[in-house]
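Architecture at a glance
Each chain, written out:
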Amino acid sequence: MTSETQFHALVLDQDGEGKVSGSFQTLGNDRLPDADTTVKVLYSALNYKDGMIMNGLGKLVNEYPHIPGVDLVGEVEECTSGAFQPGDMVICTGWRVGEIWWGGFATRARLKSEWLVRAPESMSPQQIMAIGTAGVTAMMSLMALEAHGLTPETEGEVLVTGAAGGVGSLCVMLLAGNGYRVAAGTGRDSTRDYLTDLGAASLVSREELEEAPRGPLTKARWAGAIDNVGGKILGNLLSALRPNTSCAAVGNVAGFSFEASVLPFLLRGVNLLGIDSVNCPIEQRRIIWERLAKELPLDKIDPMMEIHPMSDVLKLGGEILKGQVRGRAVIDVNA
Ligand SMILES: NC(=O)c1ccc[n+]([C@@H]2O[C@H](COP(=O)([O-])OP(=O)(O)OC[C@H]3O[C@@H](n4cnc5c(N)ncnc54)[C@H](OP(=O)(O)O)[C@@H]3O)[C@@H](O)[C@H]2O)c1
């Protein structure tokens, strides 16, 4: 049990040889960073980036000791800027919170009010964290594709790679809910029923997506794509996009670099669109959460999330790096 002047958190430390390890600790509130808003955290969630940070990968953290947790939802305890009142339910995703700022794997966080979005009333805090960064990223990707002409009437299926992961699941659900025909690219055949229930019209195996195309332009197949994996799969899928369509580049779990021909850009007018959810402006975040609240089929969120106590996060951090987490792992920081 922690008192009102203390909080409980996963604290990461680094030894002299650079090895990162984590332990659960009770800290005084005076250890929180300096900012205008104190939040009693209710839930966090696990993102691929949290897995990297807990395992000391990617040089994402500047200073130790560090509290990870990219996403959080909670109740405002105090806000000296006046932007929020005590008791307001707020969401924080991105802004490098959990990387260079203490994050959501804690029962209390101190944050800048300009980072916070008011939580939609139609969703529970657990559902909000099932969405979290993954949902914001999925909606940013859809909005980018729409801005470049994608509509449900566009011929062909929209390909989502890494479909059974966090961002992938939200993409499948969001696209299908908006009337798009979705092809779910996955390396786990065991997720067939899961992805079909989320709304996927067809499944494409990872092997098929990894197979080198016969030339720089293959059969024009996809109405658009959201790529969560990068590497060879991203390079390959560009050659199978239909004319004047786009791919939103989101993730890098299969590699940071890719090889591709310029011909899809020159001869089919395809677009490659970068997605950066971390620095998404606050005005756009408000629109994104409004759209998420309206457009995500709420009945599909519960089967897509699993709620874990905070004591599970270190183990889950290893599992997400191996592609073993399905959908979204929501973290009950008070359990
Ligand atoms: N751009 C942004 O703003 C932004 C925001 C959030 C996340 N991201 C990035 O998006 C990616 C996905 O994040 P996430 O939190 O959804 O992670 P996740 O839950 O682990 O999902 C990644 C999925 O990719 C597939 N996968 C794993 N290893 C693979 C490999 N070697 N080759 C091909 N596919 C592989 C798996 O799906 P299947 O089992 O279905 O194959 C896995 O579930 C990460 O790279 C993350 O850093 C970017």
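Every value quoted in this text rests on a predicted model; they were computed, and no experiment measured them.

Considerations on the packing of helix H2 (residues 125-147) against helix H8 (residues 282-295)
- It is the contact of H2 with H8, at a shortest axis distance of 10 Å, that shows an interaxial angle of 95°. On the basis of their axis angle, the class for H2 and H8 is roughly perpendicular. Along the contact surface, H2 presents Ile131, Gly135, Val136, Met139 and Met140, while H8 presents Arg285, Ile288, Arg291 and Leu292.
- When its residues are assigned to classes, the contact of H2 with H8 shows 6 nonpolar, 1 polar and 2 charged.

Considerations on the domain arrangement of the chain
- Considered domain by domain, the chain is made up of domain 1 (6-119 + 297-332) and domain 2 (134-274).
- Summarising the inter-unit geometry, the C-alpha centres of domain 1 and domain 2 are found 29 Å apart.
- Each side of the interface is counted separately: domain 1 has 11 residues, and domain 2 has 13 residues.
- No other element matches helix H9 (residues 298-304), which puts 3 residues into the side of domain 1 that touches domain 2.
- Of the residues assigned to the side of domain 1 that touches domain 2, the class counts are 4 nonpolar, 4 polar and 3 charged.

Thoughts on the sheet that holds strand E10 (residues 202-205)
- The strand order across the open sheet formed by 6 strands is E10-E9-E8-E11-E12-E13, and the pairing between neighbours is parallel. This sheet does not close on itself; its edge strands, each paired only once, are E10 and strand E13 (271-274). Neighbouring strand axes in the sheet, compared pairwise and without regard to direction, differ in orientation by 20° on average.
- Across 4 bridges, the pairing between strand E8 (residues 157-161) and strand E9 (residues 182-186) is parallel.

Some thoughts on the nonpolar core
- Ranked by internal contacts, the top residues of the largest apolar core, which has 103 residues, are Val158, Val160, Val172, Leu175, Val182, Leu237 and Ile331.
- Of all the elements, H2 adds the most residues to this core, at 12 residues.
- Setting aside residues up to four positions removed in sequence, Leu175 forms contacts with Leu142, Val158, Val160, Tyr180 and Val182.

A short note on H2
- The sharpest bend along H2 measures roughly 60° and falls at Gly132.
- For H2, the tally of buried residues reaches 18 of 23 residues, placing the bulk of the element in the interior.
- At the exit of H2 stands Gly149, carrying a positive phi of roughly 105°.

Concerning unusual backbone geometry
- Cis rather than trans, the peptide bond between Tyr64 and Pro65 has omega equal to 0°.
- Considering the arrangement of structural elements, one finds Pro65 in the loop between helix H1 (48-54) and strand E4 (71-79).
- Phi at Lys59 takes a positive value of approximately 50°, unusual for a residue other than glycine.
- Relative to the elements of secondary structure, Lys59 occurs in the loop between H1 and E4.
- Positioned with a positive phi, Asn244 is a non-glycine residue whose angle comes to about 60°.
- By the element assignment, Asn244 lies in the loop between helix H6 (231-238) and strand E12 (246-249).
- With 13 C-beta atoms packed within 10 Å, Asn244 lands in the partly exposed category.

Basis of the calculations
Residues numbered from 1 in each chain as written. Predicted model: local features only at pLDDT ≥ 70, side-chain atom pairs only at ≥ 80, totals over all residues. Axes fitted to C-alpha atoms, helices over the stretch in contact; angles between N-to-C directions. Helix = DSSP H or I, 4+ residues; strand = E, 2+ residues; numbered from the N terminus. Parallel < 35°, antiparallel > 145°, perpendicular 65-115°, else oblique. Contact = placed C-beta atoms within 7 Å. Nonpolar A, V, L, I, M, F, W, Y, C, P; charged D, E, K, R; others polar. Domains from an automatic or database assignment. Pairing = 2+ DSSP bridges. Core = buried A, V, L, I, M, F, W, Y, C linked by C-beta atoms within 7 Å. Buried ≥ 20, exposed ≤ 12 C-beta atoms within 10 Å, placed from the backbone. Bend = angle between axes of the 7 residues up to and from the residue.

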